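Commentary on secondary and tertiary structure
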Amino acid sequence: MALILGIESSCDETAVAVIDGAGTTLAARIVAQRVASQDEEHRPYGGVVPEIAARAHAETLAPMVGAVLQEAGLTLADMDAIAATAGPGLIGGVMVGLVTAKALAMAADKPLLAVNHLEGHALSARLAEPGLAFPYLLLLASGGHCQILEVRGLGQYRRLATTIDDALGEAFDKTAKILGLGFPGGPAVERMAREGDAKAVPLPRPLLGSAEPHFSFAGLKSAVMRAHDAGIHQTADIAASFQQAAIDCVIDRMRRALAAAGPATALVVAGGVAANAALRAALTALAEEAGLPLVAPPPKLCTDNAAMIGWAGAERLAAGLTDPLDVIARPRWPLDPDAEPVRGAGVKA
Ligand code: KG4
Ligand code: ZN
C-alpha cells in the first residue's frame, strides 16, 4: 500500500481523501473521501466570496481530516505522505489547506506533496482509468480554466489552447445568473437545458472555425443577456441554446487541437464542467470520429475533490517529487509555464 492523505481547499469545496496509490482499481484507490460544499455560505452573494471561503475551510478542514482517517480505519502514522493543493486558486483557502498539510507532515514526520490543483484535474483520468497511459489530449474545463493540453507525463504539459476571456464554467455560471437559476450555475443550467429546445434561440459560436486555437465565451454570454432581456424566449430554451452553442465551440476547438497535437492514447476531459452530460456525449462522438477512446472520470471526480489531489500526490511520491516544508502557496500556477500569453487572458492562471 502507498497511503496518501489528500487535502483540497482552493475554491469553495473543502475536501479530504485517503488514497492508496498501489490500488489497481478506482474502488481500491479511494480508501475514504469527503467533500463539503460551501454553496449555502456563498449563495446569498451569487458567487464565491474568498474571505468566506477561507474561513469555512479553516472551520471544516481539521475535523474532516479526523473523520476521513477514522472512516478509513487508519491514523496519520499509517500515511506515507501528506498531499495538499498548493495553487492555483483563492489564496486564503489554498493557505488553509497547505498549512494544515505542513503541520500534519511535520507532526507525523511524513513527506509533504505540494500539488498543482490543475495537475490534480489532469491526472484524475489516470485515477479513474488505471490503464490510461501518457500522452493524452486533455480538455480541462472548470470555473477558472478552459484549456486544451497535451499531457506528456507527470509535470509535462503543452498548452495548445486557452480562453481569451471567460472560462467555460464561468460562462455557465454567468448564464445561470442572467437567467436567475441561482448558484452554483453549471448544474442548474444543465437541468434547465433538459427542458428546452436547443434550436429555439439563435446564439453566436465565437471563434468557430477560426485558425487560432483558443476559446472565447464572453460574446456568447452577452448574447444570452440580450436574448433574456428581449423577454420573448422561454428560460429553458435560452439555457438549452446556450449549452449547445458552448458545446459546439468546444467541439470545434477540440477538433482543431486533435489535428495540431502529437500522437495521443486517448481524449480526456476533466474539471467541473466535465460533469455535464451533454458535453460528455458530444465528446464521445468526437472521440469516436478521431478513433480514440474518451476517458471522462465519474462526475464526482470532475468537480473539485481531494481524491484527485491525493492521487496526483501518489504519482509524485512514486516519482520522488516531494516538497520542503517552506513551499509556498501560489494564486497562479500554470501547467505549461512556457505557453505564450494570449490577448485578454492576463487575469487567469
Ligand atoms: O473544477 P471545479 O469544481 O472548480 C474549479 O476548479 O473551478 O469547476 C467548477 C465549475 C463551475 O463553473 C461549475 O458551474 C461548473 O464547473 N460545473 C458545471 C457542471 N457541474 C459543475 N458546468 C456545466 N454543467 C455541469 N453539470
Ligand atoms: Zn477545480
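Worth saying up front: this structure is predicted, and the values here are computed from it rather than measured.

Considered domain by domain, the protein chain is made up of domain 1 (3-125 + 300-332) and domain 2 (134-296). Residue-level contacts link 22 residues of domain 1 with 19 residues of domain 2. Considering only the side of domain 1, the residues that lose the most area to domain 2 are Leu118, Ala122 and Cys302, jointly responsible for 31% of the buried surface there. Where domain 1 meets domain 2, there are 6 residue pairs in polar contact (both at pLDDT 80 or more). For the side of domain 1 that touches domain 2, the secondary structure elements donating two or more residues are α2 (39-42), α5 (117-128) and α12 (307-318). Of all the elements, α5 adds the most residues to the side of domain 1 that touches domain 2, at 7 residues. Counted by class, the side of domain 1 that touches domain 2 contains 10 nonpolar, 6 polar and 6 charged residues.

Turning to the site of ligand 1, a few remarks are in order. In the vicinity of ligand 1, 19 residues are found, and the nearest of them are Gly143, Asp173, Gly186, Glu190 and Asp304. Within the backbone of glycine 186, an N or O atom sits 3.0 Å from an oxygen atom of ligand 1. Residue glycine 272 places a main-chain N or O atom 3.0 Å away from an oxygen atom belonging to ligand 1. A total of 550 Å² of accessible area belongs to ligand 1 in isolation, and the protein chains cover 88% of it. Of all the secondary-structure elements, those providing two or more residues to the shell around ligand 1 are α5, α6 (168-178) and α7 (185-193). Classifying every residue of the shell around ligand 1 gives 5 nonpolar, 11 polar and 3 charged. Taken domain by domain, the makeup of the shell around ligand 1 includes at least three residues from each of domain 1 (3-125 + 300-332) and domain 2 (134-296).

Conventions we followed
- Residues numbered from 1 in each chain as written.
- Chains lettered and ligands numbered in written order.
- Predicted model: local features only at pLDDT ≥ 70, side-chain atom pairs only at ≥ 80, totals over all residues.
- Heavy atoms only, no water.
- Domains from an automatic or database assignment.
- Contact = heavy atoms within 4.5 Å.
- Buried area = accessible area lost by both parts, 1.4 Å probe.
- Polar contact = N/O pair within 3.5 Å; in protein donor to acceptor, adjacent residues only side chain to side chain.
- Helix = DSSP H or I, 4+ residues; strand = E, 2+ residues; numbered from the N terminus.
- Nonpolar A, V, L, I, M, F, W, Y, C, P; charged D, E, K, R; others polar.
- Near = heavy atom within 4 Å.
- Areas by Shrake-Rupley, 256 points an atom, 1.4 Å probe, with all protein chains shown as cover.

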